[in-house]
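Each chain, letter by letter, is given below.
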Amino acid sequence: MTSQYSSFPNLWTLEGLGTLFIVKVPPELEQLSEATYLQLMQTRLDRMIQDSVSETSQIETQQQLASTLSELDPVQHTPILEPDDNPDFALEYWRQQWAETLIRSNWRFQERLRHYGGSFPVTSVTPSYPDYLDWLSLHDETTLEAWLAELSL
């Protein structure tokens, strides 16, 4: 799903809270379950982490992620980049660990999802939806820094 994520045409978010919750959805999914939503959200966060590493560095991105996690839950385990014979695999694994930590393991994301009315299953919107282009821009232009700031509110 990760390699195809950017090509998914449909979107879903909670109205007015797109920065934190918006995801792209495959066209074959008429209804989006919570488990699938969380998987898509992890994929989105993985991509934002990847973009942040490309724009800054792995060290700077790690510091930003660790700082946010420490604010949310100072005792939660912080993923670190483990040495590996294959550095690309190690970096991919590190990104996935961070995405899982912030979406599934940390209380904040799912608590905010419930607080703002996220209940599943939901129906995604297609490109014919009136606000689709605004939502797509919001999805594509949200940086890791902006997403983490929204999560920390």
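Rules used in this analysis
- Residues numbered from 1 in each chain as written.
- Predicted model: local features only at pLDDT ≥ 70, side-chain atom pairs only at ≥ 80, totals over all residues.
- Heavy atoms only, no water.
- Salt bridge = Lys/Arg side-chain N within 4 Å of Asp/Glu carboxyl O.
- Helix = DSSP H or I, 4+ residues; strand = E, 2+ residues; numbered from the N terminus.
- Axes fitted to C-alpha atoms, helices over the stretch in contact; angles between N-to-C directions.
- Parallel < 35°, antiparallel > 145°, perpendicular 65-115°, else oblique.
- Contact = heavy atoms within 4.5 Å.

Notes on the pattern of salt bridges
Phase 1: The tally for this structure, following the rule as stated, stands at five salt bridges.
Phase 2: Notably, a salt bridge pairs Asp 140 with Lys 24, separated by 3.8 Å at the nearest N-O pair. Here the residue Asp 140 occupies a position in helix α6 (residues 132–141), and Lys 24 occupies one in strand β2 (residues 23–25), the gap between them amounting to 116 residues.
Phase 3: Put simply, Arg 114 and Glu 34 hold a salt bridge, and the shortest N to O gap is 2.1 Å. With a gap of 80 residues between them, Arg 114 in helix α5 (residues 107–115) and Glu 34 in helix α2 (residues 34–55) connect regions that are remote in the sequence.

A closer look at the environment of Pro 130
Phase 1: Assignment of secondary structure puts Pro 130 in the loop between α5 and α6.
Phase 2: Along the primary structure Pro 130 and Leu 38 are separated by 92 residues, whereas in three dimensions their C-alpha atoms are 25 Å apart.

Brief notes about the packing of helix α4 (residues 87–105) against α5
In a packed pair of helices, the relevant descriptors are the angle between the two axes and the axis-to-axis distance.
Phase 1: Close contact between α4 and α5 brings their axes to 5 Å; oriented N to C, the two are set at 45°. Here α5 runs oblique to α4, going by the angle between their axes. Residues Leu 102, Ile 103, Arg 104 and Ser 105 of α4 form the contact with α5, whose participating residues are Trp 107, Phe 109 and Gln 110.

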